[in-house]
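An overview of the molecular structure
Given next are the chains, with one letter for each unit.
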Amino acid sequence: MGRENFPDRFKHLDFMKMDRRTFLKAVGALGASLFLQTYRSDIVKALEFAETRIVWIHGGECTGCSESLLNGGEPDVLQAFDRLNIRLEYHELLLGQQGIYVDGEMVNTSELNSEILFEEVIEEAGYILVVEGAIANGPKGTGKYIILGGKTYKDIFRKAAENASLIVAVGQCATNGGVNSADSDIKDLMDFRGVAFTMEDGEKGMLQELGIEKPVININGCPPHPDWMLLTLGAVVLGKIKIPDDLPEVLDQWLRPKVFFPPDSVIHDNCPRRGFYDKGEFDTVVSGEKCLWKLGCKAPYTHADCAIRRWNGYHSLCPQSGSPCISCVSPGFPDSSRPFFQEIEDVGIAGTNIDTVAKVAIGASLLAVGAHAIRRVAVKEAPEGKEPEEAPGKEPEEVPGKKAGKDEGEDQ
Ligand code: FSX
């Protein structure tokens, strides 16, 4: 499905009169490109006098989130920011200046030295802070495991967060710690944190550690889809999501926009290989064209619109191109998704074999495998004699300290 197949039912609506629900439906149904084109003149009108400042910082990460954003296509990120009247004041990957030495001395002007620029831009409060990458708290709360220009990233984050009006955490690393927080011998020592959460805990994000209270939107994914980032920023900039009043309604319990991470549907619902699943035809080695369930696909319990929106110019998604979904948008990723390429369990609900389950009616089979998959990943193996504990693959009713979103399935 290319972008030409996006529904055009929103094209004739009056953007300026759209309420938030309709607006969110539009951004959910349209790609960033089509949305910005369709509403170009309305957006220009809406933003005539408003300029939004964005400060974008980077911690422990692979920079894939910014790479993903740059893959956004038409308009590219700079054109989109231009249309949305966004001033990107600081972004380590995209800005030219890094720290220029002349005669052995670092030049102390903001044009040539990004550290000076950073200090200058965060002085004036009221910007949107975009955080990419995890924040190291270790060793022992010092944050010294990420040092940038002689300062801990923890301190850089603190300063930038204090004057921000909103924090948008992009990518699994910034939302929950991501690959930095994967189980390892040094995991506890490094103590990587997401902005509002860790991989296991809703109360140990870096904001809580620092005692800072700010509204947060999480755009999960390793990396996130460019539309999820651009359209979220667009919705905020255009005032379609009022900060902080609208957040409890538009975000789920993990602070993800429900329009892109729908609580009532999973990638499996619209997977292009779904027909093979329904017929009980599974690939058992990679490079086939059938259902990838037996190769560890996590799409039956992954809440994201990848199968509708699709990636790389709206053309494909992981299972379509042959890779099982690894549920990179789940708060517990990567640990909750491992092992990536092994069938979650070959026994379905009530002892029914998955092959049998897959052959019954579509609704029943989805229910069975979906419920079973969720239960399987939501319960960690417990030490002998202990009750199993909930793992972050299962999303709690309410995150401690956060107001949960509305009921699943509610229209947005
Ligand atoms: Fe993390 Fe972003 Fe994964 Fe990489 O920079 S979300 S490692 S794809 O991309 O932070």
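Residues numbered from 1 in each chain as written. Predicted model: local features only at pLDDT ≥ 70, side-chain atom pairs only at ≥ 80, totals over all residues. Heavy atoms only, no water.

If you check the shell around the ligand, you find 13 residues, and the closest are Cys 62, Cys 65, Glu 132, Cys 173 and Cys 222. Thr 63 places a main-chain nitrogen or oxygen 3.0 Å from an oxygen atom of the ligand. Interatomic distance of 3.0 Å between a backbone N/O atom of Gly 64 and an oxygen atom of the ligand. Looking at the shell around the ligand, the elements with two or more residues in it are helix 4 (64-70) and helix 8 (171-176). It is helix 8 that contributes the most residues to the shell around the ligand, 3 residues altogether. (Near = heavy atom within 4 Å. Polar contact = N/O pair within 3.5 Å; in protein donor to acceptor, adjacent residues only side chain to side chain. Helix = DSSP H or I, 4+ residues; strand = E, 2+ residues; numbered from the N terminus.)

Moving on to the sheet that holds strand 9 (residues 164-170). Taken in spatial order, the 5 strands make up an open sheet running 2-1-5-9-11, and their pairing is parallel. Edge positions in the sheet fall to strand 2 (86-91) and strand 11 (216-219), since each has one partner strand and no second. Direction aside, the axes of adjacent strands within the sheet are offset by 20° on average. Looking at chain direction, strand 1 (residues 52-58) and strand 5 (residues 127-132) are connected through 5 bridges and run parallel. Considered in strand 5, the bridge of Trp 56 is made with Val 130. Against the sheet, helix 7 (residues 153-162) engages strand 1, strand 5 and strand 9, with an angle of about 155° to strand 5. (Pairing = 2+ DSSP bridges. Axes fitted to C-alpha atoms, helices over the stretch in contact; angles between N-to-C directions. Contact = heavy atoms within 4.5 Å.)

Moving on, we come to the pattern of salt bridges. Enumeration according to the criterion identifies 18 salt bridges in this entry. Across the pair Lys 187 and Glu 200 runs a salt bridge whose closest N-O atoms are separated by 2.5 Å. Note that Lys 187 is positioned in helix 9 (residues 187-190) and Glu 200 in the loop between strand 10 (192-193) and helix 10 (206-210), a separation of 13 residues in sequence. Take Glu 200: its relative accessible area is 45%, and that puts it in the partly exposed class. Across the pair Asp 227 and Arg 309 runs a salt bridge, and its minimum N-O distance is 2.7 Å. (Salt bridge = Lys/Arg side-chain N within 4 Å of Asp/Glu carboxyl O. Buried < 20%, exposed > 50% of the residue type's maximum accessible area, 1.4 Å probe, protein only.)

To continue, consider the packing of aromatic side chains. Applying the stated rule across the entire model yields 7 aromatic pairs. Arranged with centres 5.7 Å apart and planes meeting at 80°, the rings of Trp 228 and Trp 311 form a pair that is edge-to-face. Of this pair, Trp 228 sits in helix 11 (residues 226-237) while Trp 311 sits in the loop between helix 14 (306-309) and helix 15 (354-359), and the two are 83 residues apart along the sequence. Of the residues examined, Trp 228 reaches a relative accessible area of 0% and is grouped as buried. Relative accessible area serves as the criterion here: at 17%, Trp 311 is assigned to the buried category. (Phe/Tyr/Trp six-rings, centres within 6.5 Å; stacked < 30°, edge-to-face > 60°.)

Right, let's get into helix 11. Between its terminal C-alpha atoms helix 11 stretches 16 Å, which fits the 16 Å expected from 12 residues at 1.5 Å a residue. In terms of burial, helix 11 is largely enclosed, as 12 of its 12 residues are buried. (Expected span 1.5 Å × (residues − 1).)

What follows covers the nonpolar core. Counting residues in each nonpolar core, the largest one holds 83 residues, and the members touching the most others are Ile 57, Leu 129, Phe 157 and Ile 167. Looking at this core element by element, the count peaks at 8 residues for helix 11. Counting only domains with at least three residues in this core, you end up with domain 1 (3-250) and domain 2 (265-380). Setting aside chain neighbours within four positions, we find Leu 129 in contact with Val 55, Ile 57, Phe 157, Ala 160, Ala 161, Ala 164, Leu 166, Ile 167 and Val 168. Judged by nonpolar contacts, the second largest core, of 6 residues, contains Tyr 277, Phe 282, Trp 293 and Tyr 301. (Core = buried A, V, L, I, M, F, W, Y, C linked by side-chain atoms within 4.5 Å. Domains from an automatic or database assignment.)

Right, let's get into the pairing of strand 1. Of all 7 residues in strand 1, 7 are buried; the element is thus mostly enclosed. The two faces of strand 1 match: Thr 52, Ile 54, Trp 56 and His 58 on one face and Arg 53, Val 55 and Ile 57 on the other face are all buried. As paired strands, strand 1 and strand 2 are joined by 5 bridges and run parallel to one another. Counted as the bridge partner of Ile 54 is Leu 88 from strand 2.

Right, let's talk about the pairing of strand 11 for a bit. Burial along strand 11 is two-sided: the residues Val 216 and Asn 218 and Ile 217 and Ile 219 are all buried. Summarising the sheet, strand 9 and strand 11 pair through 4 bridges and their orientation is parallel. Note that in strand 11 the partner of Val 168 across the bridge is Ile 217.

Once that is clear, we can look at the confidence of the model for the protein chain. In this model, the protein chain carries an average pLDDT of 79, and 71% of its residues clear a pLDDT of 70 or more. pLDDT under 50 marks residues 1-6. Its contacts with residues more than four places away, or in other chains, come to 17 contacts. In the model, residues 9-13 has pLDDT below 50 throughout and makes 10 contacts with residues more than four positions away in sequence or in other chains. (pLDDT = per-residue confidence, 0-100.)

Together, Leu 70, Leu 78, Leu 93 and Leu 94 make up an exposed nonpolar region whose accessible area comes to about 320 Å². Following the sequence through the fold, Leu 93 ends up in the loop between strand 2 and strand 3 (101-102). (Patch = residues over 30% accessible without salt bridge, like charges linked within 9 Å, V, L, I, M, F, W, Y side chains within 5 Å. Areas by Shrake-Rupley, 256 points an atom, 1.4 Å probe, with all protein chains shown as cover.)

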